[in-house]
Amino acid sequence: MSANERVGWMRKMLEIRLFEDKVQELFMQGQIQGTTHLCQGQEAVSVGAVGALDERDYLTITYRGHGHALAHGMTMEAAFGELMGRTSGCCTGVGGSMHLTDFSRNLIGAFAIIGPSYSVGLGAAMSAKLRGTDAVAMSFCGDGSTNIGTFHEALNMASVWRAPIVFVIENNLYGEYSPLRETTAVEDLAERAKAHAMPGVIVDGQDVDAVRETTETAIARARAGEGPTLIEAKTYRYRGHSRTDPAKYRPEGELERWKERDPIDLFAAKLVAEGALGEGDLAAMRAQIQTEVDAAAERAAEAPVLSLEETKAYVYAS
Amino acid sequence: MSANERVGWMRKMLEIRLFEDKVQELFMQGQIQGTTHLCQGQEAVSVGAVGALDERDYLTITYRGHGHALAHGMTMEAAFGELMGRTSGCCTGVGGSMHLTDFSRNLIGAFAIIGPSYSVGLGAAMSAKLRGTDAVAMSFCGDGSTNIGTFHEALNMASVWRAPIVFVIENNLYGEYSPLRETTAVEDLAERAKAHAMPGVIVDGQDVDAVRETTETAIARARAGEGPTLIEAKTYRYRGHSRTDPAKYRPEGELERWKERDPIDLFAAKLVAEGALGEGDLAAMRAQIQTEVDAAAERAAEAPVLSLEETKAYVYAS
Amino acid sequence: MSTRLEPQRAEPSAGVVQLTYREAIGTALEHELAADPTVLLMGEDVATAGGVFKTNEGLPEKFGLERIRNTPICENGFLGVALGMSVTGLRPVVEIMFSDFLPTAADALVNELPKFRFMSGGQCTVPVTVRSIGGATGRFGTQHSATGESWYIGLPGLKVATAATPAGAYSVLRAAIRDDDPVLFFEHKGLYGRKGQVMLGDDAIARIGEAAVLREGTDVTVVSTLLMADRSVTAAEALADDGISVEVVELRWLRPLDYDAIVASVEKTGRLLVVEEQVHAGGWGATVISELVQRGVPMGRPATLSLPDDILIAYAPELEDAIIPSVEAIAGQIRSVVEG
Amino acid sequence: MSTRLEPQRAEPSAGVVQLTYREAIGTALEHELAADPTVLLMGEDVATAGGVFKTNEGLPEKFGLERIRNTPICENGFLGVALGMSVTGLRPVVEIMFSDFLPTAADALVNELPKFRFMSGGQCTVPVTVRSIGGATGRFGTQHSATGESWYIGLPGLKVATAATPAGAYSVLRAAIRDDDPVLFFEHKGLYGRKGQVMLGDDAIARIGEAAVLREGTDVTVVSTLLMADRSVTAAEALADDGISVEVVELRWLRPLDYDAIVASVEKTGRLLVVEEQVHAGGWGATVISELVQRGVPMGRPATLSLPDDILIAYAPELEDAIIPSVEAIAGQIRSVVEG
Ligand SMILES: Cc1ncc(C[n+]2csc(CCOP(=O)(O)OP(=O)(O)O)c2C)c(N)n1
Ligand SMILES: Cc1ncc(C[n+]2csc(CCOP(=O)(O)OP(=O)(O)O)c2C)c(N)n1
Ligand SMILES: [Mg+2]
Ligand SMILES: [Mg+2]
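Quick caveat, the model's predicted, so the values are computed rather than measured. (Residues numbered from 1 in each chain as written. Chains lettered and ligands numbered in written order. Predicted model: local features only at pLDDT ≥ 70, side-chain atom pairs only at ≥ 80, totals over all residues. Heavy atoms only, no water.)

What chain C contains, in helices and strands, is ten helices and 14 strands. In terms of overall dimensions, chain C is globule-like: its C-alpha atoms have a radius of gyration of 20 Å, near the 20 Å expected for 340 residues. In terms of its C-alpha atoms, chain C occupies a principal-axis envelope of roughly 70 × 40 × 40 Å. By the burial criterion, 71% of the 340 residues in chain C qualify as buried. Across chain C, contacts joining residues at least 24 apart in sequence account for 82% of those joining residues at least 6 apart. In the form shown here, chain C has an accessible surface area of approximately 9300 Å², with 49% of it arising from carbon and sulfur atoms. Charged side chains of chain C number 28 positive and 45 negative; the gap between the two group centres comes to 3 Å. (Helix = DSSP H or I, 4+ residues; strand = E, 2+ residues; numbered from the N terminus. Rg over C-alpha atoms; globule rule 2.2 N^0.38 Å. Buried < 20%, exposed > 50% of the residue type's maximum accessible area, 1.4 Å probe, protein only. Contact = heavy atoms within 4.5 Å. Areas by Shrake-Rupley, 256 points an atom, 1.4 Å probe, with all protein chains shown as cover. Lys, Arg positive; Asp, Glu negative; His and termini not counted. Charge placed at Lys NZ, Arg CZ, Asp CG, Glu CD.)

Okay, structure coming up:
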């Protein structure tokens, strides 16, 4: 991987971090309403995994999908606009925070209800295969979502059909307020691949290089027609589950311990050590991205809200 | 196990075999309508597993449940009556072939739709645990039913809650018309226990002694509070999936090969070799049971059909 | 890598033929599969032994096992798969064997298919057809006898269709598959053996939302679907001898619903009877009556013949027969509506 | 081995207090948990931080984590578990967080709970209460805003309840938990903060099926539920100044449905308006109008105010507000009904 490219990952991780911080701020100001599910702390998974996809590949994500959408190249303005419910949004504001999609770039689903991210992604993978392309699909879900039946239904079908798909579990240790171990029989979710005769791989979700490498291998396998892979990325969310959650249920010091392995800090140190970034570059980069974030939010906010009449055209195609 | 007891298993397996044959006959005569799912060839699983339960234990089965119901002590008259839709039936004829239950003896569910057999059985197990009894539950499903999500949902909860339950998969190699390998990622379904940190055990479903021994171990484990077990019994159904299925999709000779390991013949030979049964006893036993089967069917047929008014009392309890 | 989808085939033979309802379904599938290589059929055992209801005879041989695809038992999962296929260039037809199984796939059916295009801001279309086989009279008992026809009529974004005749089955199913929106299409297992004249070819493809007048009459309008529409026609024929002239309107689409056809008929007959194989609460029948009343259509007091609200479908054949409206029961109800 | 269920506790304090709708739910749960050691509450995060909607504050401390039980994310699975518990001596209350998630558990909810007792020939009872929180106005978007209140009203064997006030929430939820049949109870997330006088104690427990007259009037009957009933009362108050006397009937039970209460009110006012936070097709509103018309209740032309049939609930706050009937919209509709 070229130094430039990896510096690009750094920029993207910072962009996601500052975007999510800004969302929190806009929420407090009432510019964003309803609910949001932020991903600070999980940036290396989005950037490492999504970045490994080709343009022709398909992607499905979840309500905690801002990071994936930005990593996939969605502009911050389109993302902010969607969260603000304005026509500047990727879905012209009808979808909201939980539904960041961009069909023009094959980001074909962001799911607010748990389950279909994997089955719908599998549909895209099978479609690519049946249409004779060599596109693959990548689908995300969280640790808690591995307990709903559709997760296993999708894994079984993908394995039986040798589908070109990469399943990624972002194990951030909590499903809403519940720690993984209180709801889930296994600690390593990659184990669940065994029930479906599929390779299951664990990767350090705080290490963007590791995530990138692991997903590239899985994508290559899928593209070669050798079938699906289940990747478990061990990571952590800094914020509560959603806007209203102070996350008091977390043990003393857990958050702090994870912040010691902050994916952005880890990667920054690496790049500096490698000489790809100078000490000063980072601060400059952060400052520049902050300006971009603020500008994007402002541009997004200037757009109008769609009219009810226009919205009705979205219900039926014919 | 006393010789007498094991001769009892022999009688029970024969009873199930002859009962199912009679059902086929009554179907042709129009005395039984709709559909039936017969279990000839799988008798050792019903008798070996269900026989290991105590009176206080709970049992959930499926539409292919005649064998389990009879093994659990349901009278043939009550079973025939239900298939005939008469008040002599265990559910007074409103349930039919797919719903043989007897709540007075803790046979609390026979499921026509795939999925809930395991989750409902788990509910009974948790209920027993919470009420401070040491009863356990045993729940059945087929190989194809391990592909529906609820199967995994139940296994995960059972493992997390250390529930006193024994899950039995009757792997008869087909789900409806589809061979296991065409719909299912793994060949040994016991593997699926790994996804839920639960012991998974394979047993020869044609060997009633083996089935009995394996289930006793699992029941003991459950009763001791050590949690659930998943048992896969490898077996085979001689008939098609249901009444209308001639099972043409089966490879040449497969049926014949399995009949060479007929559970009744295998066990008969064993009992004779052990001297528990004399050569002649078997024919006599079969003849006597045939008489009982025919008599039970006749008695069941004499009962009336429930009136619509009486039936309405079943809809709501209050 | 090359496509696994069979190449386009010749335009299907047009003209009128005699087919069973079952054959009409199979022919509609065949013609759409032939017309468009992106159409495929998925479901449990759809490719084996002609499918569980023998509607798919010959399709695997003609179109291959990639396009006529058996699935594992996981309705919610494979309906999600169909959704993913539909937004990436394919037009899946999904068979959910018994309509009673639709609830096992209800998350995909209620929350995803109808809403997917909307939530995306109109970025995609969702050309999924769900075939589901419902209805009683087969002695299948409490969990295998629902028509399910009204369970999903309250979902903007979804279209809901049915068919009571072989001609309707061919015509409506082809329209459903061609439509760019998700369509839930109900078949009735009690009708598969029914024979009828079927107009084949593209000209026969139904217009979305259009009801069919199965029999013209002047004294009373019977609005119905599926087996009840079939039985209503038989009842109407019997009553003709007694000089009672019955118009039978078959609602082939429950969403969108053809109020104009109903209104036109009721304005002619002045009387309305709804016959449905479902309880009245929450069904299309109540919706039709409510709409007509709100429109102020003159019709005296509308009547209904539905499943009793205080019972479920039992296995015992005598009980099932007592619960499902018979031709005689329908005739009796028509008579009492007409004779007031 | 000894029971994990907390021993019986003292009879709850009776009397009238001021509570929020949220507190009323929690108090009803507490009183039933206290009254009967076989009652338990299950669902995702019900025992953590007071539950996702903070209705369960203090319950884990009082009754322990065996009876206030967090579940994995698997609605269909744990509703099946509740069914198994209910036929073996327990009375589970299951929380299905957002009503939009009910379809993920629809197999258990449609095919098992309502039919289980029937199919068994009356061998068992199924005392399961499903609490589900629905409704719009929270800017939760297309997949988290449905009331879902009419999705399951066509299922004999099931009872369906709702509440629009704190008093109703306490009274109806306690009745649901005590009932021996499966009851689906809907709460509205837009009402949790609403305050009101609540009569506590066993005497306050609702009678199954009974509607409530939230406000008496003589000019028009508004039949409604949940947030729409709350808004209808506000609209009625506003209209009172203009001399329009509105009677607001809250349908606390959608199955069984209290037709007598509606008929009595409409016979008095001669006018009917149905206000519902759902599309009209397939809903209780259409069912009510159809039933009244069939009974020949004199009421001129009934009117409805429902969600538009040609749109889904969008995230954008301005759009959501335009889609959900406001107090002003309701008042306007009442006015046009009264002024003809
Ligand atoms: C079917 C369903 N049940 C419950 C919810 C509510 N819910 C939203 S997110 C969530 C937790 C998911 O946890 P996890 O899969 O670990 O993802 P994370 O939020 O940690 O990214 C739950 C229970 C839902 N959206 N869908
Ligand atoms: C949810 C659901 N989908 C489909 C069916 C139709 N069906 C009934 S039995 C069956 C096959 C089940 O196979 P398996 O689990 O191996 O059990 P077996 O019949 O072999 O005993 C199917 C698909 C059903 N009853 N429920
Ligand atoms: Mg998580
Ligand atoms: Mg099988």
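Surrounding ligand 2, one finds 21 residues, the nearest of these being Tyr63, Arg64, Asp143 and Ser145 of chain B together with Glu75 of chain C. This site is not confined to one chain, since residues near ligand 2 come from chains B and C. Between ligand 2 and Arg64 of chain B there is a distance of 2.8 Å, counted from an oxygen atom to a side-chain nitrogen or oxygen. Ile114 of chain B places a main-chain nitrogen or oxygen 3.1 Å from a nitrogen atom of ligand 2. Here ligand 2 loses 97% of its free accessible area of 580 Å² to cover by the protein chains. (Near = heavy atom within 4 Å. Polar contact = N/O pair within 3.5 Å; in protein donor to acceptor, adjacent residues only side chain to side chain.)

Our next topic: the coordination of the magnesium ion (ligand 3). Surrounding the magnesium ion (ligand 3) are the protein donor atoms Asp143 of chain A (OD), Asn172 of chain A (OD1) and Tyr174 of chain A (O), at 2.0 to 2.1 Å. Classification of Tyr174 of chain A as buried rests on a relative accessible area of 6%. (Donors = N, O, S within 2.8 Å, 3.2 Å for Na, K, Ca; no water.)

Laying chain B over chain A is done by rotating through 180° and shifting 0.0 Å along the axis; what remains is an RMSD of 0.0 Å. What the rotation and shift describe, once combined, is the action of a two-fold rotation axis. Taking the C-alpha atom as reference, chain B places Gly149 of chain B closest to the rotation axis, 1.6 Å from it. (Least-squares fit on C-alpha atoms with pLDDT ≥ 70 in both.)

On average, residues of chain C carry a pLDDT of 96, and 97% of them reach 70 or more. Interface confidence for the predicted complex, given as ipTM, is 0.98, next to a pTM of 0.98. (pLDDT = per-residue confidence, 0-100.)

Where helix H6 (residues 149–160) of chain B contacts helix H3 (residues 75–86) of chain D, the two axes come as close as 8 Å, and the packing angle between them is 65°. For the element pair H6 of chain B and H3 of chain D, the recorded crossing hand is right-handed. Residues Thr150, Glu153 and Met157 of chain B of H6 of chain B form the contact with H3 of chain D, whose participating residues are Asn76, Gly77, Phe78 and Val81 of chain D. (Axes fitted to C-alpha atoms, helices over the stretch in contact; angles between N-to-C directions. Left-handed = near helix turned anticlockwise from the far one by under 90°.)

Right, let's get into helix H10 (residues 263–274) of chain A. Residue and element names in this part refer to chain A. The end-to-end C-alpha separation of H10 is 16 Å, in line with the 16 Å expected for twelve residues at 1.5 Å each. Of the surrounding secondary structure, the elements contacted by the buried residues of H10 are helix H1 (3–28), helix H2 (43–50), helix H8 (208–223) and helix H11 (279–302). Where H10 ends, the next residue or the one after it, Gly275, has phi of about 80°, a positive value. (Expected span 1.5 Å × (residues − 1).)

Neighbouring ligand 1 are 21 residues, the closest being Tyr63, Arg64, Asp143 and Ser145 of chain A together with Glu75 of chain D. Among the chains of the assembly, those with residues near ligand 1 are chains A and D. Interatomic distance of 2.7 Å between a side-chain N/O atom of Tyr63 of chain A and an oxygen atom of ligand 1. With respect to ligand 1, the side chain of Glu75 of chain D contributes an N or O atom lying 2.7 Å from a nitrogen atom. Relative to its unbound accessible surface of 580 Å², ligand 1 loses 97% to contact with the protein. Residues belonging to the shell around ligand 1 are distributed by class as follows: nine nonpolar, seven polar and five charged. (Nonpolar A, V, L, I, M, F, W, Y, C, P; charged D, E, K, R; others polar.)

Residue and element names in this part refer to chain C. Judged by pairing direction, the sheet is mixed, and its seven strands sit side by side in the order E3-E2-E4-E5-E7-E6-E12 without closing on themselves. The open sheet is flanked by strand E3 (68–70) and strand E12 (253–255), the only strands paired with a single partner. Each strand axis lies, on average, 20° off the axis of its neighbour in the sheet, ignoring direction. The sheet contact formed by strand E2 (residues 39–43) and E3 spans three bridges and is parallel. Looking at E3, one finds that Leu41 is bridged to Ile68. (Pairing = 2+ DSSP bridges.)

Our next topic: the nonpolar core. Membership of the largest hydrophobic core comes to 470 residues, with the highest contact counts inside it found for Phe80 of chain A, Phe80 of chain B, Ile334 of chain C together with Ile334 of chain D. If sequence neighbours within four positions are ignored, Ile334 of chain C has contacts with Val220, Val222, Ala235, Leu239, Ile244, Val246 and Leu273 of chain C. (Core = buried A, V, L, I, M, F, W, Y, C linked by side-chain atoms within 4.5 Å.)

Right, let's get into the packing of aromatic side chains. Within this structure, the stated rule accounts for 32 aromatic pairs over all chains. Residues Phe98 of chain D and Phe101 of chain D carry aromatic rings whose centres are separated by 5.3 Å and whose planes lie at 45° to one another, so their mutual orientation is tilted. The burial state of Phe98 of chain D is the same as that of Phe101 of chain D; both residues are buried. A network of ring pairs unites the aromatic residues Tyr21, Phe53, Phe98, Phe101, Phe140 and Tyr192 of chain C as a single cluster. Cation over ring: Arg69 of chain C sits above Trp161 of chain A, and NZ or CZ is 5.0 Å from the ring centre. (Phe/Tyr/Trp six-rings, centres within 6.5 Å; stacked < 30°, edge-to-face > 60°. Lys NZ or Arg CZ within 6 Å of the ring centre and 35° of its normal.)

Turning our eyes to something else, we now look at the interface of chain A and chain C. Contacts between the two partners involve 43 residues from chain A and, on the opposite side, 46 residues from chain C. With both chains or domains summed, chain A and chain C bury close to 3400 Å², and 65% of this area falls on carbon and sulfur atoms. Counting the contacts that link chain A with chain C gives 17 residue pairs in polar contact (both at pLDDT 80 or more). For the side of chain A that touches chain C, the secondary-structure elements that each account for two or more residues are strand E2 (107–111), helix H5 (116–130) and helix H6 (149–160) of chain A. The element best represented in the side of chain A that touches chain C is H5 of chain A, accounting for ten residues. (Buried area = accessible area lost by both parts, 1.4 Å probe.)

All names here are of chain C. Of all six residues making up strand E7 (residues 183–188), six are buried, and the element is well covered by its neighbours. Burial along E7 is two-sided: the face carrying Val183, Phe185 and Glu187 and the face carrying Leu184, Phe186 and His188 are both buried. Direction of pairing for strand E5 (residues 129–134) relative to E7: parallel, over a ladder of six bridges. Residue pairing in the sheet places Ser132 in a bridge with Phe186 of E7. Relative to E7, strand E6 (residues 159–162) runs parallel, the two being bridged by four bridges. Note that in E7 the partner of Thr162 across the bridge is Phe186. At this point the chain moves from E6, through helix H5 (residues 166–178), to the parallel E7, and the crossover so formed is right-handed. (Right-handed = clockwise from strand over helix to strand, strands pointing away.)

Moving on to the coordination of the magnesium ion (ligand 4). Residue and element names in this part refer to chain B. The coordination sphere of the magnesium ion (ligand 4) contains the protein donors Asp143 (OD), Asn172 (OD1) and Tyr174 (O), at a distance range of 2.0 to 2.1 Å. Mapped onto the sequence, the donors of the magnesium ion (ligand 4) take the spacing D-x28-N-x1-Y. Taken together, the residues span a long stretch of sequence, with Asp143 in the loop between strand E3 (137–142) and H6 and Tyr174 in strand E5 (residues 174–175) at a distance of 31 residues. As far as burial versus exposure is concerned, Asp143 and Tyr174 are alike and both buried.

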